[in-house]
Amino acid sequence: MTTLVTGSRGRVGRALIDLLHTRGHAVRAASRTPGELALPDGVPSLRLALDEPETFRAALDGVTSVFLYAEASHTAAFARAAADAGVRHIVLLSSSSVRYPDAATHPVARPHWEAEQALAAGPVTATFLRPGVFATNALAWARSIKATGTVDLPYPGSYTDPLHEQDLAEAAFTVLTDPARHGGAYTLSGPESLSFLDQAEQISRVTGTPVTVNHVSPEAWKEAAGPYLPGHFADALLAFWKSSDGRPGTLAGGVEELTGRPARTFATWVEDHAADFRP
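All of these numbers come straight from a predicted model, not from anything done at the bench.

Draft legend 1. Local environment of the pattern of salt bridges. Across all of its chains, the model carries 14 salt bridges by this definition. With a closest N to O distance of 3.2 Å, Arg9 and Glu36 form a salt bridge. Highlighted residues: Arg9 in the loop between strand 1 (2-5) and helix 1 (11-22) and Glu36 in the loop between strand 2 (26-31) and strand 3 (45-47), separated in sequence by 27 residues. A salt bridge links Arg32 to Glu52; the nearest nitrogen and oxygen atoms lie 3.3 Å apart. Taken together, the residues Arg32 in the loop between strand 2 and strand 3 and Glu52 in the loop between strand 3 and helix 2 (56-60) connect sequence positions 20 residues apart. Judged by relative accessible area, which is 39%, Arg32 ranks as partly exposed. Within this structure, Arg32, Arg47, Asp51 and Glu52 form a network of salt bridges that share partners.

Given below as structure tokens:
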């Protein structure tokens, strides 16, 4: 009974590998660049590129379950290869954005929506994990905070529900190892809706690093983000932040439903990543 974890270089994938391994479950780590992985002793790794179907067969050989990152263009092919290999269950790291009315065309939601559609139509039982905003998104502020103690934001009053990557990994562990959970869809969020101002304040308080939030125009933020963020994706983020500016969101109970305990707070996440923000 071996679980293949895709995206093993990511924080969620690596946390899930550690959980499976330490609790006695056979796990195999997959990555486009497996030679760069730092894994626990006894965890094998291999190359798998989700946009290269020719890598699927070898990666899936002997696997019974898969934790899958969304790669919409080849999800149907992956599902067929998984069925041929004898895989019984696929857990997809999807997104709560699939619930948007325009999910089929929305630039953020569409890859997840298409991946869900492909798996739902495929031959292998699939379970969908739909997290909202990852707490790790705040790491985008780390360089600026360390260098200048400032963060430039177009909508400082925008609310999100930051989710600790460890909570997502523990939720994934549950659905992978509990047959009663197979085939469902679970929406997950952090335990509190916080504005960006709230999050910056908590980073400052927990780390002891003063943080000042500068209110910049959406145009200025998009121009600054241009070198590393495609324009259509930046526009989608700006629209989301504008829609949630001053409006706390509705929280989801998926973490507690799956793990039996409340989700970790953002302050806990900051404690776990404090070194990333200190000069």
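Draft legend 2. Seen up close, the packing of helix 8 (residues 218-225) against helix 9 (residues 231-243). Contact geometry for helix 8 and helix 9: axes closest at 10 Å, N-to-C directions at 145°. Here the hand of the crossing between helix 8 and helix 9 comes out right-handed. For the pair helix 8 and helix 9, contact is made by Pro218, Trp221 and Lys222 and by Gly231, Ala234, Asp235, Leu237, Leu238 and Trp241, respectively. Of the residues assigned to the contact of helix 8 with helix 9, the class counts are 6 nonpolar, 1 polar and 2 charged.

Draft legend 3. A look at the pairing of strand 4 (residues 65-69). Counted residue by residue, strand 4 has 4 buried out of 5 residues, so it is predominantly covered. Strand direction decides the pairing type here: strand 1 and strand 4, joined by 3 bridges, are parallel. Bridge pairing links Leu4 to Val66 in strand 4. In terms of strand pairing, strand 4 meets strand 5 (residues 89-93) through 5 bridges, oriented parallel. Opposite Tyr69, over in strand 5, you have Leu93 as the bridge partner. Chirality of the crossover, the property in question, places the unit of strand 4, helix 3 (residues 75-85) and strand 5 among those that are right-handed.

Parameters and conventions
- Numbering of residues starts from 1 in each chain and follows the order in which that chain's sequence is written.
- Given that this is a predicted model, residues contribute local features only at a pLDDT of at least 70 and side-chain atom pairs are listed and counted only at 80 or more, while totals for whole chains, interfaces and linings are drawn from all residues.
- Working from all heavy atoms in the structure, the side-chain values ignore hydrogens and water.
- The salt bridge criterion pairs a side-chain nitrogen of Lys or Arg with a carboxyl oxygen of Asp or Glu, the two atoms within 4 Å.
- Starting at the N terminus, helices and strands are each numbered in turn, a helix being any DSSP run of H or I of at least four residues and a strand any DSSP run of E of at least two.
- Burial status follows relative accessibility: with a 1.4 Å probe on protein chains alone, a residue under 20% of its type maximum counts as buried, one over 50% as exposed, and anything between as partly exposed.
- Note on geometry: axes are C-alpha line fits, over the in-contact stretch for helices, and angles between N-to-C directions span 0 to 180 degrees.
- By convention the crossing between two helices is left-handed if the near helix lies anticlockwise of the far one by an angle smaller than a right angle, and right-handed if it lies clockwise.
- Working rule for contacts: check all heavy atoms of both residues, and any pair within 4.5 Å makes them a contact.
- Following the grouping adopted for this structure description, the nonpolar residues are Ala, Val, Leu, Ile, Met, Phe, Trp, Tyr, Cys and Pro, the charged ones are Asp, Glu, Lys and Arg, and the polar ones are all others, Gly among them.
- When DSSP finds at least two bridges between two strands, those strands are taken to pair.
- By convention, orient the strands away from the viewer: a clockwise path from the first strand over the helix to the second makes the crossover right-handed.

Structural measurements only, silent on function.
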